[in-house]
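Working through the structure, step by step
For reference, the chains in residue letters:
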Amino acid sequence: MSARGPGGPGAPGDAAPVVVVRGGTEPSAVDTARMRERVGVLRAAADALDAAADAGGLARVRLAAVDAADYRALAPVPRVEGLSELAPWTPWPPHVAHARQRALDAADDVAAHARAAAHDLRSVGDRMDQAVRVYDDAELAAQGAVREIRSVARALGLPLTPSGVPRPLPLAPVLDVVAGGVLATLVAALRGEGLDVRRLVSSTAADHAPLVSWLSRWMGLASPGSGGPWRARGVGDAASALSRLDLEGRAARYLPDPVTRRITTPDGVALPVAADADSALALVDALYDTERLPGSVIAVQRVDKGPDAPPAWVVAIPGTQLGQDRTVFSMTSNLALMDADPERRAGADSVKAVLAAMQDAGVGPGEDVVLVGHSQGGMVAATVAASTVGTYAVRHVVTAGAPVAGHALPPGVAGTHVETQGEAISDLDGAENPATPARVTVTGTVDASAGGTSLVPHGVAHHRAVLAAAADVGDRGLDEHLADVETLLAGTPDDVRLYEARLVPRPEPDDRCLAPAPARLPTLPAPPGSPTWSAGP
Amino acid sequence: MSIPPPCTAEPVDVVLARRGLRGAVETAETVVRDLARSVDLDWAGRAHASYLAALDAVRASCAAASGRAQEAVGLLDTFSCAAEAHAREAAR
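Below is a summary of the structure that appears in this document.

Quick notes on the rules
- Residues numbered from 1 in each chain as written.
- Chains lettered and ligands numbered in written order.
- Predicted model: local features only at pLDDT ≥ 70, side-chain atom pairs only at ≥ 80, totals over all residues.
- Heavy atoms only, no water.
- Helix = DSSP H or I, 4+ residues; strand = E, 2+ residues; numbered from the N terminus.
- Buried < 20%, exposed > 50% of the residue type's maximum accessible area, 1.4 Å probe, protein only.
- Contact = heavy atoms within 4.5 Å.
- Areas by Shrake-Rupley, 256 points an atom, 1.4 Å probe, with all protein chains shown as cover.
- Salt bridge = Lys/Arg side-chain N within 4 Å of Asp/Glu carboxyl O.
- Expected span 1.5 Å × (residues − 1).
- Core = buried A, V, L, I, M, F, W, Y, C linked by side-chain atoms within 4.5 Å.
- Axes fitted to C-alpha atoms, helices over the stretch in contact; angles between N-to-C directions.
- Parallel < 35°, antiparallel > 145°, perpendicular 65-115°, else oblique.
- Left-handed = near helix turned anticlockwise from the far one by under 90°.
- Nonpolar A, V, L, I, M, F, W, Y, C, P; charged D, E, K, R; others polar.

Here we take up the overall build of chain B. Looking only at helices and strands, one finds 2 helices and 0 strands in chain B. Counting the 92 residues in chain B, one finds 46% classified as buried. Sequence separation of 24 or more characterises 72% of the internal contacts of chain B that already satisfy a separation of 6 or more. Here chain B has roughly 4400 Å² of accessible surface; of this, 58% comes from carbon and sulfur atoms.

Time to look at the pattern of salt bridges. Residue and element names in this part refer to chain A. The tally for this structure, following the rule as stated, stands at 22 salt bridges over all chains. With a shortest N-O distance of 2.7 Å, Asp47 and Arg122 are connected by a salt bridge. Of the two residues, Asp47 sits in helix α1 (residues 32-65) while Arg122 sits in helix α3 (residues 94-156), which places them 75 residues apart along the sequence. A relative accessible area of 48% means that Asp47 is categorised as partly exposed.

Residues and elements named next belong to chain A. Compared with an ideal rise of 1.5 Å per residue, which puts 14 residues at 20 Å, helix α14 (residues 460-473) spans 20 Å between its outermost C-alpha atoms and is within 8% of the ideal. The buried fraction of α14 amounts to 11 of the 14 residues, a majority that puts the element mostly inside the structure. Every buried residue belonging to α14 is among Val460, His462, His463, Arg464, Ala465, Val466, Leu467, Ala469, Ala470, Ala471 and Val473, and all of these are buried.

With that out of the way, let us pick up the nonpolar core. Residue and element names in this part refer to chain A. In this structure, Val372, Leu467, Leu478 and Leu498 are the most contacted members of the largest nonpolar core, which totals 39 residues. Secondary-structure elements contributing two or more residues to this core are α9 (277-286), β4 (297-304), β5 (312-317), β6 (368-374), β7 (393-400), β9 (439-445), α14 and α15 (476-489). Among all residues touching Leu478, those that are not within four sequence positions of it are Val21, Thr416, Val440, Val442, Leu467, Ala470 and Ala471. Membership of the second largest hydrophobic core comes to 37 residues, among which are Val369, Met379, Tyr392 and Tyr499.

Right, let's talk about the packing of α14(A) against α15(A) for a bit. All names here are of chain A. Closest axis-to-axis distance for the α14/α15 pair is 9 Å, and the angle between their directions is 115°. Relative to α15, α14 is oriented roughly perpendicular. Where α14 crosses over α15, the two elements pack in a sense that is left-handed. Of the residues in α15, those in contact with Leu467, Ala470 and Ala471 of α14 are Leu478, Asp479 and Leu482. Considering only residue class, the contact of α14 with α15 consists of 5 nonpolar, no polar and 1 charged.

Below, the structure written as structure tokens:
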């Protein structure tokens, strides 16, 4: 379903994201005609209230124009020879003036209340109207696009699939990206307008996933994989091939296992309490504050459920932190997490770090766990959920801006995924997330330029805005998922525990404990003359 | 609180102001009744809850406007009677 909603907490800019929700237990059914009828009722009511406000304002004006002389003209007075026909005029005493002032104030209030009610009512109507328009637009756009594609394909004589969609050309994804934004960006750059990376990324948003899929098909050939050389390669194979190159030199520079240690929360740092999906994402966002936190930090929060129930846990996992010294949230971890092989995913440094933090925090095997991750952190969350069945009771995985289409979640684990159009990162999986009852994906379009300096709308704040818009407009599946997270995290939260995870450099050769070298034998002086050789007998 | 005596003569502006305020009362009450019939939309759970909450807020706002308009009519009556009594007193 598609819907539009207002900006949420921390929403960058004023523009309301347009969101699409996929997955969940059942599709939303919306009678748009009936909603339009209701919008009409609300708008008519708002107009009536505006008229009431005008009436209150006019009453005030009329009342303000009344003075003592108006009443003097109406008061009956006995006619006396030689005196004026009008009653004598005297100003109002204080109690009359006060009574009028109270009536004036009340008229003011009437106008203000009615105006405010009209504004609120119009706002409700406008939001419903926006939602209706997006519902209808999405349906019309889909129908129109299919019709257009079919007609163009037929005109060009392209082969069609049984469902009427043209079969893609071999280079179609590359051509789409070039036509969709690369050419326009290059032309703009040649005109002297500068190379607008943001425009390039956002204008090619729809083609990211097909392009990644196409590239992976070829890059994946370098991966041994399984199933024979004729097997179609995917993103996991490409990641595996790149991972084996070890471009960051991780294997040579660092020991196999990272070190994860608990750190105290610095004074003055107030970390958000994770009580629902939104506040859990806010906690993830807070981990990026490298001015007050050391970076490469994971947060674990225990939620007390009372004396008779086991506690629940929420683990907040940030994304890639390039430039952070010895961070586990590296490109090497990214490639490992995208590998087709689940064992290689589970061996990613960031996964090891999260598991170490969970173990240190004391997460028990029967205690519900909610994993929340942004970008790489989302992949870590999905990987931890998949690799700890029987060890931890992960119940829900919330990801934002994470390429997790290729990450299967085990039975009993729900997934709520938030993505923004044009951010590119969540398209790196080259596919759409599975839309199943257990997995709901919200995709939103936000204005990246309103988000400050970010090149693309990949920040946590953008994803929170998208989630808020989707929650506001509503989708049954999403509602159930968000309620599930709230239920899991309901209780008394403990303080957030922070864990810093770092790679450990391999010792330098001089630092190694070497075996003593064999003692050198004294060199004997050479005999005079050149050595001669003679054959034996 | 004493009930003001009935007024017998009023300037036309006061009559029109009272008519306007009574109209505001009727309008606000009509809107509240209309809104009560607009709560039967069946759409997604949280959105429906948001919609109902918004309507409740608007209904409360309308009720406040209506109540204040009724109060304003009473205050206008009080003022008008006091002003008329003052004019009569001055005419003696």
